[in-house]
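One letter stands for each residue in the lines below.
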There are 2 protein chains.
Amino acid sequence: MTRRIGVALCAAFDLPAIYADAFAAEGLDLRAPDALASPEEASFALTFKPEPDAFAPYPNLGAVIGIGAGVEAILACPSRPADAPLIRQTDADQADQMAGFALWHILHWHRRFDLMLAAQEQGDWLTGAGGLRLAHVDGAPWPGPSPRDFPVGVLGFGFLGRRVAEAALALNYPVRTFSRTAPEPLPGAEHFHGDALADFLSEVRALVAVLPHTPATERMLDAALFAALPRGAVVINIGRGVHLDAEALTAALDSGRLAGASLDVFDEEPLPSDHPFWRDPRVVVTPHAASDATARAVARAARAALDDLAAGRASPAGLVDPAAGY
Amino acid sequence: MTRRIGVALCAAFDLPAIYADAFAAEGLDLRAPDALASPEEASFALTFKPEPDAFAPYPNLGAVIGIGAGVEAILACPSRPADAPLIRQTDADQADQMAGFALWHILHWHRRFDLMLAAQEQGDWLTGAGGLRLAHVDGAPWPGPSPRDFPVGVLGFGFLGRRVAEAALALNYPVRTFSRTAPEPLPGAEHFHGDALADFLSEVRALVAVLPHTPATERMLDAALFAALPRGAVVINIGRGVHLDAEALTAALDSGRLAGASLDVFDEEPLPSDHPFWRDPRVVVTPHAASDATARAVARAARAALDDLAAGRASPAGLVDPAAGY
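Caption draft 1: Fine view of the overall build of chain A. Along chain A, the regular secondary structure elements total nine helices and 12 strands. Over its C-alpha atoms chain A spans a radius of gyration of 22 Å, differing by no more than 12% from the 20 Å that the globule rule assigns to 326 residues. Its C-alpha atoms give chain A principal-axis dimensions of roughly 70 × 40 × 35 Å. For chain A, with 326 residues in total, the buried portion stands at 55%. Pairs at least 24 residues apart make up 60% of the contacts formed inside chain A by residues separated by at least 6 positions.

Have a look at this one:
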């Protein structure tokens, strides 16, 4: 079988530098546009943030493969070939990374590592009595150290949200999940969907947002949503920056409605160095680091999808429904 | 049935203030020594760090109940009635707390939240390219974000260590465990015991020490142990301060043998405010906050043990083997 040739179309990253070796190991020849003999020889594209006219020169793209779990920038690209199947990443290892990242933030707020790290800078033991009553030190009725007293809510229940929910359940946090449609249930979790968002939010102490970017989810994390959470809840956004109304978040922190927030994604990335979130002690800022499909995983997924499509199998893993947006 | 009266014997905490209500709910009357009508009426003792002569006045103690998972201070007390069963805490909820606390530290080091938190103080996005390559920012060959590349070792495999191992497995970390004797195996984990300590250590990136305090475990975390770990490993001590050789830890951090350490327990608690660990960026100091059996859990365990003993059942939950030390 001849080597299948793909073209890398991305304004943000040098995709061949990251992925070409792994693709070669799968029998796929990934090239930058200027390394093709002719545009016709590209039979698939690998992309993340394509330029508006990125796809225009390539008449023979049988598949478009995104390197991330989210594909909104690819769907929005006007030159995307509408008849070429679009594949996103749905790698189990990436989901594990996302779950671990979310768990750090859940534990960080629940167990008040924010207070402990700040106290370390002052050489302050906090309690002076063995640490057994740490939960009381800030004078607020913060839940105790038992996970049973700190319900976790997962907003968005795709393959990433599901794994976050499983990981929180494994630590014996009570878990509730919300998605637009009714999913396959997760044993041990309480699921909400459709118009039950307020019900879902009403008992959530830590809200983990791992939403796809669709018109319906833009600025979903807004003042009304924060007001539906119990006072003192925390919000952890690991989906996309566009899900968050940043001004509403600051107001909710100022009013005490929210006790803290963890933000891994932003409208503008890198987050501008003068943005107030950087120096807000109530906010943990991380640089879009929650998860990253390995080059090997992306290459394997590409190979599997291209094989499926070549064999006439219509629904390869990760196939995007453009109408749903994921 | 008459209410059973217990005496609180502890130099560190006001036990009746913390536990009396929960004990009353279990039909147990917990009193300070000066609240007893006579020493004879105390039929059990609740304690944590007893004074040397604490038990001497009480001739009728049918059981001694420790409020912690570790009982070394009680075993070492010269006035402890040797014929009274000693009960320690083996509460599942406390084990969940311990597991979550350990997971925060494992994730903290694996995912380099130490670097991200320090970068936040500088308004520094770290990578400038979407954050996808965070693992490379410190210039060292740090493992990537997949849990599969960051093996966790659990040193001490009692009810707490077992739960830590289960939680790490749930996040798909490779887990190896070590204990003195061969335990009931944990599916998915690789177990080492006896003279296989060096084998166990040889592939551990994050070592979680959750050891009992016995003569054999004192200063077990020493230069030889650190030298048996892969270069760049991290050590998380959530057992007792006496397990750690603090000077050896500092030397191992200075030499780069260890990349970091998390310490929740110390020889002297509170850790003296001038101790260098407080301001060492390679060390996370927390105030003995890993877990805390709730008053309700301690009261229920006391009630269950006293009922078992009254009924002639010889092995109530949490019964300590003084020869083993746990």
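Caption draft 2: Spotlight on the interface of chain A and chain B. In this assembly, 62 residues from chain A lie in contact with 61 residues from chain B. Interface area for chain A against chain B, summed over the two sides, is near 5200 Å², with a carbon-plus-sulfur share of 62%. In terms of surface lost to chain B, no three residues of chain A exceed Trp104, Gln120 and Trp125 of chain A, which account for 16% of the buried area on that side. Across the contact surface, chain A and chain B share four salt bridges. Where chain A meets chain B, there are 27 residue pairs in polar contact (both at pLDDT 80 or more). Going through the elements one at a time, α1 (15–25), α3 (92–110), α4 (113–121), α5 (159–170) and β12 (283–285) of chain A are the ones with two or more residues in the side of chain A that touches chain B. When residues of the side of chain A that touches chain B are assigned to their parent elements, the largest contribution, 11 residues, is made by α3 of chain A.

Caption draft 3: Broad picture of the side chain of His288 of chain B. Residues and elements named next belong to chain B. One can find His288 in the loop between β12 (283–285) and α9 (295–310). Relative accessible area serves as the criterion here: at 17%, His288 is assigned to the buried category. A polar contact is formed between the side chain of His288 and the side chain of Glu269, at a distance of 2.7 Å.

Caption draft 4: Geometry of the sheet that holds strand β10 (residues 233–237) of chain A. All names here are of chain A. Across the sheet, which stays open at both edges, the seven strands sit in the order β8-β7-β6-β9-β10-β11-β12 with parallel pairing between neighbours. The outermost strands of the open sheet, each flanked by one partner alone, are β8 (190–193) and β12. Within this sheet the neighbouring strands show an average axis-to-axis angle of 15 degrees, counted without direction. As judged from the four bridges shared by strand β9 (residues 206–209) and β10, these two strands associate in the parallel manner. For Ala206, the partnering residue across the bridge sits in β10 and is Val234.

Caption draft 5: The nonpolar core, seen in detail. Counting residues in hydrophobic clusters, the biggest one holds 76 residues, and the most contacted among them are Val152, Tyr173 and Ile238 of chain A together with Val152, Tyr173 and Ile238 of chain B. Setting aside chain neighbours within four positions, we find Ile238 of chain B in contact with Met98, Phe101, Ala102, Val208, Ala209, Val210, Asp264, Val265 and Ala290 of chain B.

Caption draft 6: Region of the structure containing the relation of the copies chain A and chain B. Mapping chain A onto chain B is achieved by rotating through 180 degrees and translating by 0.0 Å along the same axis, at an RMSD of 0.0 Å. The transformation just described matches what one would write down for a two-fold rotation axis. Residues of chain A ranked by C-alpha distance from the rotation axis are headed by Trp104 of chain A, positioned 2.6 Å from it. When the interface residues of chain A are mapped onto chain B, 98% of them again lie at the interface, so the same face is used by both copies.

Caption draft 7: Focus on the sheet that holds strand β11 (residues 258–263) of chain B. Residues and elements named next belong to chain B. With respect to topology, seven strands assemble into an open sheet ordered β8-β7-β6-β9-β10-β11-β12, the strand pairing being parallel. A strand with exactly one partner marks an edge of an open sheet, and here the two such strands are β8 (190–193) and β12. Direction aside, the axes of adjacent strands within the sheet are offset by 15 degrees on average. Bridge count for strand β6 (residues 152–155) against strand β7 (residues 175–179) is four bridges, and the pairing is parallel. By the bridge assignment, Gly153 is partnered in β7 with Arg176. Contacting β11 and β12, helix α8 (residues 246–255) runs over the sheet at an angle of about 145 degrees to β11.

Caption draft 8: Fine view of the state of the cysteines. Counted by the stated rule, this structure contains zero disulfides over all chains. Cys77 of chain A provides the cysteine sulfur closest to Cys10 of chain A, a residue in no disulfide bond, and the two sulfurs are 11 Å apart.

Caption draft 9: Focus on the environment of Val210 of chain A. All names here are of chain A. Mapped onto the secondary structure, Val210 falls in the loop between β9 and α7 (223–228). With 56 residues separating them along the chain, Val210 and Phe266 place their C-alpha atoms 13 Å apart. Residues within four places of Val210 in sequence aside, it is in contact with Met98, Val154, Leu155, Gly156, Leu160, Gly161, Ile238 and Gly239.

Caption draft 10: Structural detail: α4 of chain A. Among the residues making up α4 of chain A, those that are buried are Phe113, Asp114, Met116, Leu117, Ala119 and Gln120 of chain A. Tucked into the core, α4 of chain A has its buried residues touching α3 of chain A together with α3 (92–110), α4 (113–121) and β12 of chain B. Positive phi appears at Gly123 of chain A, one or two residues downstream of α4 of chain A, with a value of about 65 degrees.

Caption draft 11: How the structure looks around the confidence of the model for chain A. Residues and elements named next belong to chain A. Scored by pLDDT, chain A has a mean of 93; 95% of the residues are at 70 or more. Note on residues 128–134: pLDDT under 50 across the span, and 23 contacts to partners over four residues away in sequence or across chains. Scoring the predicted complex yields pTM 0.92 and, for the interface, ipTM 0.92.

Caption draft 12: Broad picture of the packing of α3 of chain A against α4 of chain B. Contact geometry for α3 of chain A and α4 of chain B: axes closest at 13 Å, N-to-C directions at 60 degrees. Taken together, the axis directions place α3 of chain A and α4 of chain B in an arrangement best described as oblique. The two elements α3 of chain A and α4 of chain B cross, and the hand of that crossing is right-handed. In this structure, α3 of chain A contributes Phe101, Trp104 and His105 of chain A to the contact, and α4 of chain B contributes Phe113, Met116 and Leu117 of chain B. For the contact of α3 of chain A with α4 of chain B, the residue count by class is five nonpolar, one polar and no charged.

Definitions and cut-offs
- By convention here, each chain's residues receive numbers from 1 onward along its written sequence.
- Lettering for chains starts from A, numbering for ligands starts from 1, and both go in the order in which the items are written.
- The predicted nature of this model means local features are confined to residues of pLDDT at least 70 and side-chain atom pairs, given and counted, to a pLDDT of 80 or more, with totals for whole chains, interfaces and linings taken over all residues.
- Only hydrogens and water are removed before side-chain values are computed, so all heavy atoms of the structure are retained for them.
- Working definition: helices are DSSP H or I runs of at least four residues, strands are E runs of at least two. Numbering for both runs from the N terminus.
- Just to be clear, the radius of gyration here is over C-alpha atoms, and the globule rule we use is 2.2 Å times residues to the power 0.38.
- Burial classification: accessible surface area is computed with a 1.4 Å probe over protein chains only, and a residue below 20% of its type maximum counts as buried, one above 50% as exposed, and the rest as partly exposed.
- Should any heavy atoms of two residues lie within 4.5 Å, those residues are counted as being in contact.
- Summed over both partners, the accessible surface that disappears when two parts come together, traced with a 1.4 Å probe, is what is meant by buried area.
- For this analysis, a salt bridge means a side-chain nitrogen from Lys or Arg found within 4 Å of a carboxyl oxygen belonging to Asp or Glu.
- Polar contacts, as counted here, are pairs of nitrogen or oxygen atoms within 3.5 Å of one another; within protein the pair requires one atom able to donate a hydrogen and one able to accept it, and residues that are adjacent in sequence qualify only if both atoms are side-chain atoms.
- At least two DSSP bridges between two strands are needed for those strands to be called paired.
- Axis definition: a line fitted to C-alpha atoms, limited for helices to the stretch in contact. Angles are taken between N-to-C directions and run from 0 to 180 degrees.
- Among buried residues, the Ala, Val, Leu, Ile, Met, Phe, Trp, Tyr and Cys ones that are joined through side-chain atoms within 4.5 Å form a nonpolar core.
- All copies are superposed by least squares; the fitting set is the C-alpha atoms of residues with a pLDDT of at least 70 in both.
- Two cysteine sulfurs form a disulfide in these notes if their separation is within 2.5 Å.
- The predictor attaches a confidence to each residue, and that confidence, scored 0 to 100, is pLDDT.
- An angle counts as roughly parallel when it lies under 35 degrees, as roughly antiparallel when it exceeds 145, as roughly perpendicular when it falls between 65 and 115, and as oblique in every other case.
- Left-handed describes a crossing in which the near helix is turned anticlockwise from the far one by less than a right angle; the clockwise case is right-handed.
- Under the scheme applied here, ten amino acids are nonpolar (Ala, Val, Leu, Ile, Met, Phe, Trp, Tyr, Cys and Pro), four are charged (Asp, Glu, Lys and Arg), and all others, including Gly, are polar.

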